[in-house]
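Structural features, examined
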Number of protein chains: 2
Amino acid sequence: MEPTGAESGATDSGATDGKSGVSRRTVLGAAGIGVVAGLAGGGALGATVSSPREEDADQVVPFRGDHQAGIVTAAQDRLHFASFDVITDSRDDLIDMLKRWTAAAERMTRGEETQEGGALDMGDYHPPADTGEALGLSAAHLTLTIGFGPGLFGPSAANPDAKDRFGLAHRKPAALADLPAFAQEKIEPSRSFGDICIQACADDPQVAVHAIRNLARMGVGVVSVRWSQLGFGRTASTTQAQQTPRNMFGFKDGTANIRAEDTDVVDKWVWVGAEDNPPAAQWMTGGTYLVARRIRMDIEPWDRANLLEQENIIGRTKGEGAPLGKSAEFDEPDFKITSYGAPIIPATSHVRLAHPDQNGGAQILRRGYNFTDGSDGFGHLDAGLFFIAFNRDTFKQFVPIQHVLSRKDAMTEYLIPNASANFAVPPGLKPGEWWGQRLFEK
Amino acid sequence: MEPTGAESGATDSGATDGKSGVSRRTVLGAAGIGVVAGLAGGGALGATVSSPREEDADQVVPFRGDHQAGIVTAAQDRLHFASFDVITDSRDDLIDMLKRWTAAAERMTRGEETQEGGALDMGDYHPPADTGEALGLSAAHLTLTIGFGPGLFGPSAANPDAKDRFGLAHRKPAALADLPAFAQEKIEPSRSFGDICIQACADDPQVAVHAIRNLARMGVGVVSVRWSQLGFGRTASTTQAQQTPRNMFGFKDGTANIRAEDTDVVDKWVWVGAEDNPPAAQWMTGGTYLVARRIRMDIEPWDRANLLEQENIIGRTKGEGAPLGKSAEFDEPDFKITSYGAPIIPATSHVRLAHPDQNGGAQILRRGYNFTDGSDGFGHLDAGLFFIAFNRDTFKQFVPIQHVLSRKDAMTEYLIPNASANFAVPPGLKPGEWWGQRLFEK
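Residues numbered from 1 in each chain as written. Chains lettered and ligands numbered in written order. Predicted model: local features only at pLDDT ≥ 70, side-chain atom pairs only at ≥ 80, totals over all residues. Heavy atoms only, no water.

Keep this limit in mind: UniProt positions are given in the numbering used here, feature names are shortened, and annotations may be inferred rather than shown by experiment.
As recorded by an unreviewed UniProt entry, chain A carries the name Deferrochelatase and is attributed to Gordonia hydrophobica. What UniProt states about chain A under its Sequence similarities (unreviewed entry) heading is, verbatim, "Belongs to the DyP-type peroxidase family."

Okay, here's the thing in C-alpha cells:
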C-alpha cells in the first residue's frame, strides 16, 4: 500500500528550497530534513501546533484512581467501543503494548496527543506520532476503560483452541467466562467476544474515535480490532441532576439505574471485593465486570404498536416515564396495584422483570448508548441500544436477570441481541502503574 | 409482528381502575379509555409532556425561505442522511406524503414533535404520533433538506426499467442524472442512488436520527429507506469564525470551501438560475444539486505513511493546514513555487487538482461529515468522509473536477468511494407551500 515516490510526488518536492518555501518542519516542532524556512511566522506556527489541545480542566476526567474512569463517571454523550483479538503469543510484546497504551491513554484523556512532544514530532520521514484528527479539540471528558476477555487466559468462544499463551490461566478470576446462550438472541461472533476491550466515552465522537484509532494503531502486530461500535445519546444517567435520556423506543432509559453517589450500593453490586477471588486473582479487587450487548431494536414494528402496548411492555408511561399506576418518574413502582384483578404493571413488563425485587435484590450499573448504523438494506433502520453494564459478578447478577428477561419480557419480541461479550475490568491505576500490571506481575 | 394481547400483557392490565391508579391518559393529553386518574398531579404531567421540546430561539433554523436550509446554513455537528425509493406509482399518494412530510419537518425544525397536539396524543389504542426519543431535546439547529433523484422522472441507475410513473419526465432538469463512473471507485448500489433524499443536520445526533425515522415512518407504503448514513464532526466550515474541522486523515478539511457570506460566489456556483432550464423545469430556479459520495478512507495504510508523503498528497501542512510553501491556513496556494525545479505543491496533490484555477474556475460548496461505521471484520475501521457537495450544475462542476481527481489525485490510493448519488434540490418554500409543490403543480 505504501505509494512510490513518483505516485505520491514525495520525491519531487520534499527537498529543501532556501528561496521560496516556508518551513514545514517548524510546524513539526523538530529540526531535520525538509523545506528550509524562508518566511517569518514559522515559530508561531510551531507554537500553535505543538501545544496540546485546549486544556480546560473542566474537560478532563482523572485517568488514575482506585477504580478506572468510565464506570461511575457521569455518562458522556458519545461512545466508541472496541474489542481486540490478541494476535501474538509473546507475553513480552503484549506487556510492552500495554505500557505504551497506558501512557498514550493517560495523555489523550488530558486532551493531548498520543505521544510526548506533540503530534507531528517525528520528522518528515516518519509517520506522524498521532493521527491528528483530534488536534484543536478539547479533552471532551474522554475516559478510556480497559477490560480483559476470557481468551487472555485460555480457550474462549472467540478461540476455542487457544492455549494458555501468556501463563495466566491460574490467575483467571471466577466470574470471567463467556456469556451463556440466552433465549431469543442471534449472536454474531464477528461482533462478539474479544481478548481486550477499550471503552472510549467522550462528549465529542471525534475524540472517542481518535482514541480508539490511535490505540489500535499502536497495537499493530500485537492486537487486531475484532469489532467496534459507535454510540450516541445517553441512556444511563448516574446523577439525579441530569435528565434521563431516552432510548430508541422513545422511553426514558436509566431511571432506576444505580447512582454513583450511592456508594454503598456501588460497593455491593459493582466493585469486586477481596473475598470474591482466590489469592491468584486478587488483581481484580476493586475492579468490575463489563457486559456488552448489541441489542438491535425492531424499530418499525415498535412504531406501529399502540401506546397501551408500548407502555405495558415497558411498565412505565412514555411521556413522564412514571411506573404504571404512579405519577412521577422517580416514584417507586408498586407491583401490587391491580386493575380488575390483573396487575397494572404487567407480569411480562420490563420494569417488573428487571426490578431487584424480582431478582433477589441483584442490581447492575448500566451505561448504554443508542446506536443507528444506517439501514439494513430492507428499508429498516439498523438501530437500537448498545448495552453496557458493570457488575461485581456477571454470573450472579447480569446472567440470571437476563435469563429471566429473555424468557419472559414482552419486550423481547422487539429486540434482536446480536452481539455479546464479558470482560474483566481491573481496578484503577496508582501513579506509575500500567494497564494490567497487577495481572502480569505477581 | 404485531404482538397479541397475551404476549404483550396489554389485555391484562389496560382496563380502568378507579381506586389505585393514576391516570396515564392525562400524560397523553386526551380523554379516553385507560386507567382512571386517582392521584393529583396528572394535570401537571400532561402539561409537561404536551409542551414542545425546549424552545430556544437560538436553536431554531428557519424552515422556509428563498432557499432550503441546510445548504449555506453553518454546518451543524451531526448528520443523518437518508435516501428513499418511492415504492408506489400513485402520484396522489406521493403528493399526500410530501404534504404531510412538509408539515412534520417544519414542526421538527422548531423543536416540536411530528404531529400537532403533542407526541402522545393519539390515545391508548393508537401508536403514538411521534416516536418520542427527541422529547426533552432542543431543536439543535435541525435542518431538513429534500432532494429528488432521477428515478422520479423515469429510468435511473436504481431502477433502469422504471417508467415515467408520475408524469414528470418533461419536467426533469438538465443536470439531474446519475453520476457517471469514475476511476478507482467501488460503488455499491445498495447504498447509492435513490428517488428522494433527506439530509438531516443537527447538533445532536438523536435529533437528526429522530427526524429521519419519523419521516420514514410517515412514508410507509409510499417510500422505503434505500440507505442511510450517519456522520459526525464538521468537515466544512462556512464561516471564517469557526475553526476548520479535521477529516479522518487528520488534516483540516474545508479551508478553501465556498463561504456563505460570499453571496456572489454562492449565486454563481450554487443556486440554479432561470437561464439554466427550459420553462418546464423552472421549478428548480433557486435550487441546487446535491452530490453524495461515501468515501471510505484506507485509514491504516494512511497512518503508516510518513508525514512528507501525507503533506505532499494533500498539498498542505498537517499542523497548520497552510498550503505548502506558505505559512498560514488561509494563505492562497502558490502553485508556481518550486524546489529544485519541482513544484512544492506537487502535480498530484489534492489542493492543486481540486483548485478552481485547475478547473476552469469551477467551485462547489462542500458539506462533508466524518463517519466511522465500526470495523470491517478485517481489523480495519470502516471510516472516512461522507462527502456532500452542492453545485449549480453537477455535470459542469462536480463531475469534471472528480474526473480529474479520480485519475490524477495521489490521495486516490487511500480512498475507496463506495456510494454515489445526485439529487435535484428544489428552492425554499414560501409560507403554505409543500415540498415539491412547484414540481408537481404546474
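1. What to know about the packing of aromatic side chains
Test applied: When two rings of Phe, Tyr or Trp (its six-membered ring) have centres within 6.5 Å they constitute a pair, described as stacked for plane angles under 30 degrees, edge-to-face for angles over 60, and tilted for the intermediate range.
Enumeration according to the criterion identifies 30 aromatic pairs over all chains in this entry. Each member of the aromatic cluster is reached from another via a ring pair, and the members are Phe63, Phe84, Trp101 and Trp435 of chain A.

2. Notes on the UniProt feature "domain: Dyp-type peroxidase C-terminal" (unreviewed entry) in chain A
Inclusion rule: Here a strand is any run of E in DSSP of at least two residues, a helix any run of H or I of at least four, and the numbering for each starts at the N terminus.
Mapped onto the present numbering, the UniProt feature "domain: Dyp-type peroxidase C-terminal" (unreviewed entry) falls at residues 244–428 of chain A. Helix makes up 20% of residues 244–428 of chain A and strand 24%. Its end C-alpha atoms lie 28 Å apart.

3. Details of the pairing of strand 10 (residues 381–391) of chain A
For a regular strand, side chains alternate in direction, first toward one face of the sheet and then toward the other. All names here are of chain A. Test applied: Working definition: with a 1.4 Å probe on protein chains only, accessible area under 20% of the residue-type maximum means buried, over 50% means exposed, and in between means partly exposed. Strand pairing is defined by DSSP finding a minimum of two bridges between the two strands.
Most of strand 10 is tucked away: 11 of the 11 residues are buried. Where strand 5 (residues 288–297) meets strand 10, eight bridges bridge the pair, whose relative direction is antiparallel. By the bridge assignment for strand 10, alanine 292 is matched with isoleucine 388. As judged from the two bridges shared by strand 8 (residues 365–366) and strand 10, these two strands associate in the antiparallel manner. Bridge assignment links leucine 365 to a residue of strand 10, and that residue is phenylalanine 390. Following strand 9 (residues 369–375), the chain reverses through five residues before pairing antiparallel with strand 10; glycine 377 in that reversal takes a positive phi of roughly 90°.

4. Notes on the pattern of salt bridges
For the record, the criterion: The term salt bridge refers to a pairing of a side-chain nitrogen on Lys or Arg with a carboxyl oxygen on Asp or Glu at a separation within 4 Å.
Scanning the model with the defined rule gives 38 salt bridges over all chains in all. Here aspartate 276 of chain B ties to arginine 392 of chain B by a salt bridge, and the two come within 2.7 Å at their closest N and O atoms. Of the two residues, aspartate 276 of chain B is situated in the loop between helix 7 (263–269) and strand 5 (288–297) and arginine 392 of chain B in the loop between strand 10 (381–391) and helix 11 (398–408); the sequence distance between them amounts to 116 residues. Overall, aspartate 276 of chain B belongs to the partly exposed group, its relative accessible area being 29%. For arginine 392 of chain B, a relative accessible area of 17% puts it in the buried group. One salt-bridge network, in which partners are shared between bridges, spans Arg294, Arg296, Asp373, Asp376 and Asp382 of chain A.

5. Let's talk about the packing of helix 5 (residues 91–109) of chain A against helix 6 (residues 205–218) of chain A
Residue and element names in this part refer to chain A. Just so we agree on the cut-off: Only the contacting stretch of a helix is used when fitting its axis, a line to C-alpha atoms as for every element, and angles between N-to-C directions run 0 to 180 degrees. Convention used here: angles under 35 degrees read as roughly parallel, angles over 145 as roughly antiparallel, angles from 65 to 115 as roughly perpendicular, and any remaining angle as oblique. Left-handed is the label given to a crossing in which the near helix is rotated counterclockwise from the far helix by less than a right angle, and right-handed is the label when the rotation is clockwise. Contacts are assigned to residue pairs that have any heavy atoms within 4.5 Å of one another. Throughout, the ten residues Ala, Val, Leu, Ile, Met, Phe, Trp, Tyr, Cys and Pro are labelled nonpolar, Asp, Glu, Lys and Arg are labelled charged, and all others, Gly among them, are labelled polar.
For the pair helix 5 and helix 6, the least separation of the axes is 10 Å and the interaxial angle reads 155°. By the criterion of interaxial angle, the relationship of helix 5 to helix 6 is roughly antiparallel. Considering how the two elements wind past one another, helix 5 and helix 6 form a crossing that is right-handed. Together, Met97, Arg100, Trp101, Ala104 and Met108 of helix 5 and His210, Ala211, Asn214, Leu215 and Met218 of helix 6 make up the contact between the two elements. By residue class, the composition of the contact of helix 5 with helix 6 is seven nonpolar, two polar and one charged.

6. Side note on the environment of serine 190 of chain B
Residue and element names in this part refer to chain B. Positionally, serine 190 belongs in the loop between strand 2 (143–148) and strand 3 (196–202). Taking the relative accessible area as the measure of exposure, serine 190 reaches 52% and is therefore exposed. Linking serine 190 and tryptophan 227, residues 37 residues apart in sequence, is a C-alpha distance of 6.9 Å. Not counting residues within four places of it along the chain, the set of residues in contact with serine 190 comprises Arg226 and Trp227.

7. Some words on the environment of arginine 64 of chain B
Residue and element names in this part refer to chain B. Put simply, the rule reads: In protein, a polar contact requires one atom able to donate a hydrogen and another able to accept it; more generally it is a pair of N or O atoms within 3.5 Å, and residues adjacent in sequence count only if both atoms are side-chain atoms.
Summarising the element assignment, arginine 64 is placed in the loop between helix 4 (42–50) and strand 1 (78–86). Residue classification places arginine 64 among the partly exposed positions, given a relative accessible area of 23%. Through-space distance from the C-alpha of arginine 64 to that of glutamate 106 is 8.2 Å; in sequence the pair is 42 residues apart. Excluding residues within four positions of it along the chain, arginine 64 makes contact with Thr102, Glu106, Leu429, Lys430, Pro431, Gly432 and Glu433. Here the side chain of arginine 64 touches glutamate 106 through a polar contact of 2.9 Å, side chain to side chain.

8. A short note on unusual backbone geometry
Residues and elements named next belong to chain B. In the Ramachandran plot, histidine 141 falls in the positive-phi region, its phi being about 60° despite a non-glycine side chain. Histidine 141 gets classed as partly exposed once you look at its relative accessible area, which sits at 23%. Here glutamine 184, not a glycine, exhibits a phi torsion of approximately 70°, which is positive. Counting through the fold element by element, glutamine 184 comes out in the loop between strand 2 and strand 3.

9. Remarks on helix 6 (residues 205–218) of chain B
All names here are of chain B. Inclusion rule: By this rule the span expected of a helix is its residue count minus one, scaled by 1.5 Å.
Between its first and last C-alpha atoms helix 6 spans 20 Å; for 14 residues at 1.5 Å apiece the expected length is 20 Å, and the two agree. In terms of burial, helix 6 is a largely internal element, 13 of the 14 residues being buried. Sitting at the amino-terminal end of helix 6 is aspartate 204, which places a side-chain oxygen 2.7 Å from the backbone nitrogen of glutamine 206.

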